[in-house]
Amino acid sequence: MTEFLELRNITKSFGKVNAVSNVNLKVGQPEIIGLIGDNGAGKSTLIKMIAGVHKPDSGEIFIRGQKMDYWSVTQARAMGIETVYQDRALVVQQTIARNIFMGREKTGWLGFMNVKQQFAEADHLMRAIGFTSKVFSSDSIVATLSGGERQGVAIARALYFKADLIILDEPTTALSLTESEKVFNFVRQIKEQGSSCIFISHNIYHTYDICERFVVIDRGEIVMETDKTQISAEQLVKELQVIARAGHQPAAPGRSQSIMP
Ligand SMILES: Nc1ncnc2c1ncn2[C@@H]1O[C@H](COP(=O)(O)OP(=O)(O)OP(=O)(O)O)[C@@H](O)[C@H]1O
Ligand SMILES: [Mg+2]
């Protein structure tokens, strides 16, 4: 495994809120990391800095050992980082193929979009990552897919464009267990293709099976990092409960989810 990404002392505040404080993190390739933490712990802020959406107040980002002096969404993508957000991932009125190639359309003669080639390649890709359903193909409209399958399309898109690191921000939160299982299978394909994944979740039971390493963030700080070989799911849940109790604050209205199962 080689080192793909390194964050050194990354910090980000929003006004008086220290969303992320002095975070150091290394991501190898290939590996699947579970980034776990309660509501407001700083997970999304952290990955948005990796994705170039937020500029860190301080700290450094290294890709393959090289310090990035300039960092933006475009730069992050150019360096092989793709982020999949649960709700904004896809244009649901469009076909699977259009979604996969959106913004990076295949063009042919006179610069027209090569729809046939897009469908063919999207079909191939969907099968390769394990879309087994016979009822749809790459010209199916995304609105007809289940939540898990939609995540699959977003992951397929990232894989097609050879992302080295695919970040999934709570891809299973709104899904049933069966649907979540679909997403887990797509995530396994990420590693099989030699890429890495940061999988964000509140819930250890949504991540324990597929992740190889766990990074726990609490109130902006990384409070625990462990390989799966070092800890059972039950032990990890206990550790998370201790962390949650130590810093327990009343949940904000309407945000009742917890890392505690
Ligand atoms: N754009 C923003 N402006 C102001 N405050 C923000 C912004 N984004 C995040 N925060 C604050 O930073 C802290 C960390 O938020 P963040 O969204 O990173 O948490 P999270 O771990 O992703 O939580 P969740 O599990 O609810 O998605 C929270 O206190 C949040 O209110
Ligand atoms: Mg979040």
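Predicted model only: the values in this text are computed from it and were never measured.

Draft legend 1. Local environment of the sheet that holds strand E1 (residues 2-14). Across the sheet, four strands lie side by side as E2-E1-E4-E5; this open sheet has antiparallel pairing. Pairing within the sheet leaves two strands with one partner each, and these edge strands are strand E2 (17-29) and strand E5 (66-67). Where E1 and strand E4 (residues 58-63) come together, five bridges link them in antiparallel fashion. Bridged to glutamate 6 within E4 is phenylalanine 62.

Draft legend 2. Expanded view of the pairing of strand E6 (residues 81-85). Where burial is concerned, most of E6 is hidden: four out of the five residues are buried. Here five bridges tie E6 to strand E7 (residues 165-169), and the two strands are oriented parallel to one another. Looking at the pairing, glutamate 82 lines up with isoleucine 166 of E7.

Draft legend 3. Examining the site of ligand 1 more closely. Residues in close proximity to ligand 1 include Phe14, Val17, Ala19, Gly37, Asn39, Gly40, Ala41, Gly42, Lys43, Ser44, Thr45 and His202, which together make up its full environment. Secondary structure elements with two or more residues in the shell around ligand 1: E2 and helix H1 (43-50). Split by residue class, the shell around ligand 1 holds four nonpolar, seven polar and one charged.

Rules behind the numbers
Residues numbered from 1 in each chain as written. Chains lettered and ligands numbered in written order. Predicted model: local features only at pLDDT ≥ 70, side-chain atom pairs only at ≥ 80, totals over all residues. Pairing = 2+ DSSP bridges. Helix = DSSP H or I, 4+ residues; strand = E, 2+ residues; numbered from the N terminus. Buried ≥ 20, exposed ≤ 12 C-beta atoms within 10 Å, placed from the backbone. Near = placed C-beta within 6 Å. Nonpolar A, V, L, I, M, F, W, Y, C, P; charged D, E, K, R; others polar.

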